[in-house]
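Listed here are the chains, written in short residue letters.
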Amino acid sequence: MRVAIIGLPKSGKTTIFNALTRGKAATAAYSPSLTPNIGVAKIPDSRLLILENIFHPKKTIPAEVSYVDIAGSAKASSGKGEMKGELLGYLTTADALLQVVRVFEDEKIPHPKGSINPERDIATLDLELAFSDLAIIERKLDKLKDALKEVKAPERGPHLKEQTLLQKIKAALDNDIPVRQQSLTGDELKLLSNYQFLTAKPMLIILNIGESQIPEASQLETEIKSLYPQFAVIALCGKLEMELGQLSDIEAKEFRDVMGLATPALDKVINFSYKLLGLISFFTTASAELKAWPIPSGTTTPKAAGKVHSDMERGFIRAEVINCSDLERCGNLAEARKKGLLRTEGKNCIVHDGDVITFLFNV
Ligand SMILES: Nc1nc2c(ncn2[C@@H]2O[C@H](COP(=O)(O)OP(=O)(O)O)[C@@H](O)[C@H]2O)c(=O)[nH]1
Ligand SMILES: [Mg+2]
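Position numbers for residues start from 1 in each chain and track the written sequence from start to end. Here the convention is simple: chains get letters from A, ligands get numbers from 1, in the order in which they are written. Side-chain atom pairs in this predicted model are given and counted only at pLDDT of 80 or more, local residue features only at pLDDT of at least 70, and totals for whole chains, interfaces and linings cover all residues. Side-chain numbers here rest on the full set of heavy atoms in the structure, without hydrogens or water.

Trainee: Explain the overall build of the protein to me, using residue names and the numbers behind them.
Mentor: The helix and strand tally for the protein stands at 15 helices and twelve strands. Overall size of the protein, expressed as C-alpha extent along the three principal axes, is 65 × 65 × 35 Å. For the exposure calls, accessible area comes from a 1.4 Å probe over protein chains only, and a residue counts as buried if that area is under 20% of its type's maximum, exposed if over 50%, partly exposed in between. For the protein, the residues scored as buried account for 47% of the 363 residues in total. By definition in these notes, contact holds between two residues if any of their heavy atoms fall within 4.5 Å. In the protein, the share of contacts with a sequence separation of at least 24, taken over all contacts with a separation of at least 6, comes to 68%. Only the protein chains shown count as cover for residues, and all accessible areas are computed by the Shrake-Rupley method using a 1.4 Å probe. Here the protein has roughly 18700 Å² of accessible surface; of this, 54% comes from carbon and sulfur atoms. Counted charges follow a simple rule, with Lys and Arg positive, Asp and Glu negative, and His plus the chain ends left uncounted. Charge placement uses NZ in Lys and CZ in Arg. For Asp and Glu, CG and CD serve respectively. Positive and negative charge centroids in the protein, built from 46 and 46 side chains respectively, lie 5 Å apart. Helix numbers and strand numbers start at the N terminus; a helix is a DSSP run of H or I with at least 4 residues, a strand a run of E with at least 2.

Quick look at the structure:
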């Protein structure tokens, strides 16, 4: 699962990418770098600590989500409204978008539009995403028109259905309604899944504020949220978060306490991205290794086993499952078993967030 970081040039995308992935990609006040940065962020999860205290594993491995930092915005890189080539490829294959919006003031760093205006910048980027979707739709409609001329009347059904749907989506996009906000039926969404429209992707907005704006963070979040109620909005200081990311956890915590930064904003961003991707975590504790596994919510137990190893899915017999919160209350597995909280689950069960699972399989 991958989240693409988008935004106008100089909004702080690479800075925030570094903060999220604890990376060291070059940030730039002037010239943009054109190679995308790819990295992973570990999902912060307090349940791992609880489970460490119960299982005392030799090693703990958190779940991860990958982020790609794409250089520049659509317009900046293609000179037109439409995104092209590799850049577009990274965006269309992303599962969610994280839009960085500049709020910090710094005269040394020129804003591409000459002034700080988050509302305008969000609208600008929305328009670029919509442009890209419209271009795809127009090309496909042209192709469908040709195809309809060539095939015989009885075979036209599916083409006509697709044409009608694309025309409907185009009309809504022309009226500034992104695909994610067009109420489409399950069938329609299925028909569209191959297109990977950019305005269909879930999006999180990050307001990149300056250090002096930290006290106004939640007020800024509320303001933008009221304009864009459909998005999660988080305000953070990218530069500071990147610097904190280079420190050890203990040093960073001391720093945060001094600055009055309660919950690390980055943890919030990473957790929101995880939710945006529709992911939940289950845990395994085999071989003295505590590991969190990301799965789409609604995954069945054998499919979850398949995440660990394909043999486990193929030879799946059953699973022993206990939720982390039950385990925490009992203190250990033996106690949980005594209380009947350890469940045996078969092939048709659905895994819940926080389940601790032992798979039984036979190959
Ligand atoms: N003052 C200030 N500068 C920032 C902040 N975030 C990023 N920058 C600077 O803005 C410039 C552009 O940042 P970068 O991450 O390269 O932006 P990108 O073009 O969107 O990838 C760099 O010089 C950063 O150091 C911030 O919160 N405050
Ligand atoms: Mg950059």
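Once you've had a look at it, read on.
Trainee: Go over the site of ligand 1, please, and point to the residues and values.
Mentor: It suffices for a single heavy atom of a residue to lie within 4 Å of a molecule or strand for the residue to be listed as near it. Every one of the 19 residues lining ligand 1 counts as a neighbour, but Lys10, Lys13, Thr14, Thr15 and Ala28 are closest to it. A distance of 2.9 Å separates an oxygen atom of ligand 1 from a polar side-chain atom of Thr14. Protein burial of ligand 1: of its 580 Å² of free accessible surface, 88% is covered by the chains. Counting only elements with at least two residues in the shell around ligand 1, the list comes to helix H1 (13–21) and helix H9 (238–245). The greatest single-element share of the shell around ligand 1, amounting to three residues, is contributed by H1. Polar contacts, as counted here, are pairs of nitrogen or oxygen atoms within 3.5 Å of one another; within protein the pair requires one atom able to donate a hydrogen and one able to accept it, and residues that are adjacent in sequence qualify only if both atoms are side-chain atoms.

Trainee: Pulling in residues and values, what's your account of the packing of aromatic side chains?
Mentor: A pair of Phe, Tyr and Trp rings is counted when the ring centres sit within 6.5 Å of each other, with Trp represented by its six-membered ring. The angle between the planes then sorts it: under 30 degrees is stacked, over 60 is edge-to-face, the rest tilted. Tallying each qualifying case throughout the model produces five aromatic pairs. An angle of 0° between the planes, with centres 5.2 Å apart, marks the rings of Tyr195 and Phe197 as stacked. Note on accessibility: Tyr195 and Phe197 belong to one class, buried. Taking the centre distance of 6.5 Å and the plane angle of 65° together, the rings of Phe316 and Phe359 count as edge-to-face. With Phe316 in strand E10 (residues 316–323) and Phe359 in strand E12 (residues 355–361), this residue pair connects regions lying 43 residues apart in the sequence. Across this residue pair, the class does not change: Phe316 and Phe359 are buried. Through pairs of rings, three or more aromatic residues link up here, namely Phe282, Trp293, Phe316 and Phe359. Geometrically, a lysine NZ or arginine CZ counts as sitting over a ring once it is within 6 Å of the ring centre and also within 35 degrees of the ring normal. Here Lys275 stacks its cationic end above the ring of Phe272, 5.5 Å away from the centre of that ring.

Trainee: Break down the domain arrangement of the protein for me, citing the residues and quoting the values.
Mentor: For the domains described, the bounds stem from an automatic or database domain assignment. Each domain of the protein was delimited in the assignment, giving domain 1 (127–199) and domain 2 (298–361). Its C-alpha centre places domain 1 at a distance of 42 Å from the equivalent point of domain 2.

Trainee: How would you summarise empty space enclosed by the protein if you had to cite specific residues and measurements?
Mentor: Only protein atoms enter the 1 Å grid used here. Points where a 1.4 Å probe fits but cannot escape make up a cavity, open sets with protein on both sides within 12 Å along at least five of seven lines make up a pocket, and a residue lines them when an atom lies within 4 Å of a point. Grid points are joined across faces, edges and corners, and a volume is the space filled by probe spheres set on the points. This model, assessed by the stated rule, comprises two cavities of 30 Å³ or more. Roughly 50 Å³ of internal volume is contained in the second largest cavity. Forming the walls of the second largest cavity are Gly7, Leu8, Pro9, Ser11, Gln99, Val100, Val101, Arg102, His111, Asp121, Ile122 and Leu125. Looking at the lining of the second largest cavity, the elements that each hand over two or more residues are strand E5 (96–102) and helix H5 (118–150). Considering each element in turn, the lining of the second largest cavity owes the most residues, four residues, to E5. Looking at side-chain class alone, the lining of the second largest cavity contains six nonpolar, four polar and two charged residues. Classification used: nonpolar for Ala, Val, Leu, Ile, Met, Phe, Trp, Tyr, Cys and Pro, charged for Asp, Glu, Lys and Arg, polar for all others including Gly.

Trainee: So, the confidence of the model for the protein: which residues are in play, and what are the values?
Mentor: Chain-level statistics for the protein give a pLDDT mean of 89 and a share of 94% at 70 or above. Confidence scores per residue from the predictor, reported as pLDDT, run from 0 to 100. In the predicted structure, residues 76–81 sits below a pLDDT of 50 and forms ten contacts with residues beyond four places in sequence or in another chain.

Trainee: Residues and numbers for the packing of H5 against helix H6 (residues 157–174), please.
Mentor: Convention adopted: a line fitted to C-alpha atoms gives each axis, helices being fitted over their contacting stretch, and angles between N-to-C directions are expressed from 0 to 180 degrees. Two elements in contact, H5 and H6, have axes separated by 10 Å at closest approach and are oriented at 150°. Relative to H6, H5 is oriented roughly antiparallel. Helix-helix and strand crossings are classified by hand; for H5 and H6 the assignment is left-handed. The residues of H6 that touch H5, namely those facing Ala130, Asp133, Leu134, Ile137, Glu138, Lys140, Leu141, Leu144, Ala147 and Leu148, are His159, Leu160, Glu162, Gln163, Leu166, Gln167, Ile169, Lys170, Leu173 and Asp174. Per-class residue counts for the contact of H5 with H6 are eleven nonpolar, three polar and six charged. Here the angle decides the label: under 35 degrees means roughly parallel, over 145 means roughly antiparallel, 65 to 115 means roughly perpendicular, and every other value means oblique. Take the far helix as your reference; a near helix turned counterclockwise from it by less than a right angle gives a left-handed crossing, and one turned clockwise gives a right-handed crossing.

Trainee: Describe the layout of surface pockets, and please don't skip the residues or the numbers.
Mentor: Taken as a whole, the largest pocket holds about 1100 Å³ of empty space. For the largest pocket, the lining is made up of 36 residues, of which Lys42, Ile43, Pro44, Asp45 and Asp267 are closest to its centre. The set of elements that each furnish at least two residues to the lining of the largest pocket consists of H1, strand E2 (37–42), helix H2 (46–55), H9, helix H10 (249–259), helix H11 (265–276) and strand E8 (279–284). No other element matches the six residues that H11 contributes to the lining of the largest pocket. In terms of residue class, the lining of the largest pocket is made up of 18 nonpolar, five polar and 13 charged.

Trainee: Please give an account of H9 that cites residues and values.
Mentor: Because an α-helix packs 3.6 residues into every turn, residues spaced three or four apart end up facing the same way. Where H9 is concerned, the buried positions are Gly238, Leu240, Glu241, Leu244 and Gly245. In an axial view of H9, the angular spread of the buried residues amounts to 165°, which keeps them on one side of the axis. Buried residues along H9 sit against H1, strand E6 (203–208), strand E7 (232–236), H10 and H11. Directions pointing from the helix axis toward each C-beta atom define the arc.

Trainee: Describe the packing of H9 against H10, naming the residues involved and giving the relevant values.
Mentor: Packing of H9 against H10 brings their axes to within 9 Å, and their N-to-C directions diverge by 145°. In this structure, H9 crosses over H10, and the sense of that crossing is right-handed. Contacts from Leu240, Glu241 and Leu244 of H9 reach H10 at Ala252, Phe255, Arg256 and Met259. For the contact of H9 with H10, the class distribution of residues is five nonpolar, no polar and two charged.

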